[in-house]
Amino acid sequence: MITVVSGMNNMKQRITVNVLTVRVVIIAFLAVLLCFFSTSVSFGVNKNQMKFYVDENKDAGVNGTVNVELLSDSMGNIYLPGNADVSKLFLSWNDKNYTLKSPDGTRYESGSAPIGNAGQKITYSVLDSGETIINKITFTTFCGSKSVPALFIKVNSSNGKPTMEEVNDSKDKSVVGEGSISSESVNAYVTVKGRGNSSWTRSKRKSYNVKLFADNQQNQKYKLKWLENQEKKTNKYSLISNGIDRSLMRNKVCQNLACDMGIGMPMKYVDLWVDGTYYGNYLLTPKTDYTAPPKGYMLELDNYADPDDPHFKLKNLKVKNNTTLITIKENSSDATSADIETYMNDVWDAIRADDGYNKKTGKYYGDYIDMDSWAKLYLMLEYNKNFDMHGGSNFMYRNGMDSSDKLYAGPFWDADASLRYARANTTISVPKQLSAAGWYIENLNRPGCDCWFKMLGKHKDFRERVQAVYEANKQAFDEVPMHVDSFKNEIRDSAAMTYQKWPLNEDTFKNSNVGLLTKNTVYEKGTKYEQKYCKTVIWNDYAKNLKEYTRVRSKFFADNMPKGIQHVPAYAKLRSTRIKYTGKTIRPSINVVEWDDATVEKRNYRVTVPNNYGSIGKHKLKVEFLGTYSGERILTYQIVPKNCKINKVKRKKKKAVVFWKSDKTYYKISKKKRRHVSGYQIQYGTRKRFGKEAKTITVKGYKRKTGNITRLKSGKKYYFRIRTYAVRDGKRYYSSWSSCRRR
């Protein structure tokens, strides 16, 4: 029984309510809720879940079905082409037993429910056949850029054929189907296969190679109309996801510059849908063999090689642990793989020679290669500070096998990891690599490596050709920042839609940090090449930083390229960066060598050391290059105190006394005497390797000869060792540890 007490005229009334009645009401209410939630959740987990989509409507700018992405049981996103006429598009769904009800009470059958304009949300109640509301879903509409065409591909995965999901799991698999692009009036039959090396594993957004055919039997090739003005025709294309470049513009910006110089690939932005699912913004471009000559061959210098493609190594061409290969991508000539390998070794021997002549053939390197095209490719790699200049995605071709047929560079390819990208294992500091100022190719080095472009740069006539080619194309370099703005405006809405589907986070980009900044950053502060980059949170931040980089990079080129690029040796390094003080003046020993490890003569460089370069402390010396070389290197080293050794250790239960010979030597600085040693450190532990359990005590004063240690464990053997230290400008510099004593 439940008793409710109320007051009226100071009188108490007791109202008795039957508990059984209340229980029945509560149980019925919970049953209704359970029915509602179980039906609602079924949208997300039931194998026969309700699926929403927008039907194909070419008159409305949608050349294929668009699936609604259900983010949850109550939210869904609709991704549409930028030129879509939303007023002519309607929601459809797979289960015709359901209807949608708008907030104003209007009911819609499948294929008749309106969708919102771009950025607009519209909420519908889902009704079953009994007119019961079983769920509410809010649909948000996103539209791409009006200037970006839409590419729809429908995969034929019947009869056990691979699906697109299988292609995304393995780039070795391919699918077949049909495709249409909004800027083309004819549908085409397609084959799609994954592509890319590091980019394939570093992003969830994959890139693909696509072949287009006019017939289902794949006998008649289909060529896209937007390439009609191009000299060459092809039906093989690549869809580049820019999956490691959050700005989506690095490839486009660089290819636009390369095209202005005649060694680039035409590229077009598209938004891609596969089987109705939105894949994001892509760059559509002819496959790299687009430039393959009809009677010659095309080669690629890269760290990877397709097992199906013939490939070989060049003598002493060492990049990335000697894995750099020359791959024969296309061969329409009569030359065998062995013939091509012999020819390429002859070219390489001439390029590597100091005088540029092949010792065996007597032929000059300039007679082997087309200097202008190689100068253009050199400029491209230098401008965007592209680490691939070491040996990645560098293409070249030869038009024939006649002795007069030269080796041409191009097409330029793969710039997504450039324009503010750094690698740690090089001779240029990360900030210098990320800065838009400074020369790149002639200063970058990976120890133990030979570099094709570095070897070209050591020839004066090649550097002069680079300078001349730049002057002829200076306007194109000056206009790069302007083109960044143009492409930014072109893809703004498509980029927003892409990152609505694929968030700008680590989950999407995995190990890619291209352009990523966790705080506002300034490079070359106080100079005329000062660069201010903002913390990257949204897409516009990445686009803004790319504009800032190209602005300063173009200015640096304009100021310095007229002076010409001077050849810099591969690297200058100290034979030891930690030198023991001996009481005498110490001049550090350095090595200056070329990329092929040939020693540079001393007359070609000058070493400047500080006044106190022989004293204990941290020092810098400058190596200035002379003659045919230019530039400088700053090398850092330390002078540390002499070490001492333990004479004996006396041990008594939990105590120990360590004895050594004190160091009372001194040296002069500016006519003042200064002690060589400031004190000592003793380290002790139960392990000879002195692990984490080892402890250290400090004994101050150069006169000290003993050190007392307490709180040892009785009956336990200990190891002891000692080192000296000296304090200079408030910082301690330590000698190496002595050999250990066991007691």
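The text that follows walks through the structure, step by step, so that each part is easy to find.

Calculation notes
Residues numbered from 1 in each chain as written. Predicted model: local features only at pLDDT ≥ 70, side-chain atom pairs only at ≥ 80, totals over all residues. Heavy atoms only, no water. Helix = DSSP H or I, 4+ residues; strand = E, 2+ residues; numbered from the N terminus. Expected span 1.5 Å × (residues − 1). Bend = angle between axes of the 7 residues up to and from the residue. Buried < 20%, exposed > 50% of the residue type's maximum accessible area, 1.4 Å probe, protein only. Axes fitted to C-alpha atoms, helices over the stretch in contact; angles between N-to-C directions. Parallel < 35°, antiparallel > 145°, perpendicular 65-115°, else oblique. Contact = heavy atoms within 4.5 Å. Nonpolar A, V, L, I, M, F, W, Y, C, P; charged D, E, K, R; others polar. Pairing = 2+ DSSP bridges. Phe/Tyr/Trp six-rings, centres within 6.5 Å; stacked < 30°, edge-to-face > 60°. Lys NZ or Arg CZ within 6 Å of the ring centre and 35° of its normal.

## Structural notes on helix α12 (residues 480–501)
- For α12, spanning 22 residues, the distance from its first C-alpha to its last is 29 Å, which sits close to the expected 32 Å at 1.5 Å a residue.
- A maximum bend of about 60° is found in α12 at Ile-491.

## Here's the deal with helix α4 (residues 250–261)
- Between its terminal C-alpha atoms α4 stretches 17 Å, which fits the 16 Å expected from 12 residues at 1.5 Å a residue.
- Across the 12 residues of α4, 9 count as buried, placing the element largely inside the fold.
- A positive phi of about 90° marks Gly-262, the residue just after α4.

## Some details on the packing of helix α7 (residues 371–383) against helix α14 (residues 539–560)
- Where α7 meets α14, the closest approach of the two axes is 11 Å, and the angle between their N-to-C directions is 130°. Accordingly, the angle class assigned to the pair α7 and α14 is oblique. Between α7 and α14, the residues in contact are Leu-379, Glu-382 and Tyr-383 and Tyr-549, Thr-550, Arg-553, Ser-554 and Phe-557, respectively.
- Its residues placed into classes, the contact of α7 with α14 shows 4 nonpolar, 2 polar and 2 charged.

## Quick look at the sheet that holds strand β28 (residues 578–580)
- Taken together, the 4 strands give an open sheet; going across it, the order is β28-β32-β31-β30, and neighbouring strands pair in mixed fashion. Each having just a single partner strand, β28 and β30 (605–608) make up the two edges of the open sheet. Neighbour to neighbour, the strand axes of the sheet diverge by 30° on average, direction disregarded.
- Alignment of β28 against strand β32 (residues 632–640), held across 3 bridges, turns out to be parallel.

## Things to note about the packing of aromatic side chains
- A complete count under the given rule lists 32 aromatic pairs for this structure.
- Measuring from ring centre to ring centre gives 6.5 Å for Tyr-718 and Phe-720, while their planes differ by 40°; the resulting arrangement is tilted.
- A residue is classified by how much of its surface remains accessible, and Tyr-718, at 7% relative accessible area, is buried.
- Overall, the relative accessible area of 0% leaves Phe-720 in the buried class.
- Between the NZ or CZ atom of Lys-363 and the centre of the ring of Tyr-368, over which it lies, the distance is 4.7 Å.
- Sitting over the face of the ring of Phe-659, Lys-648 holds its NZ or CZ atom 5.0 Å from the ring centroid.

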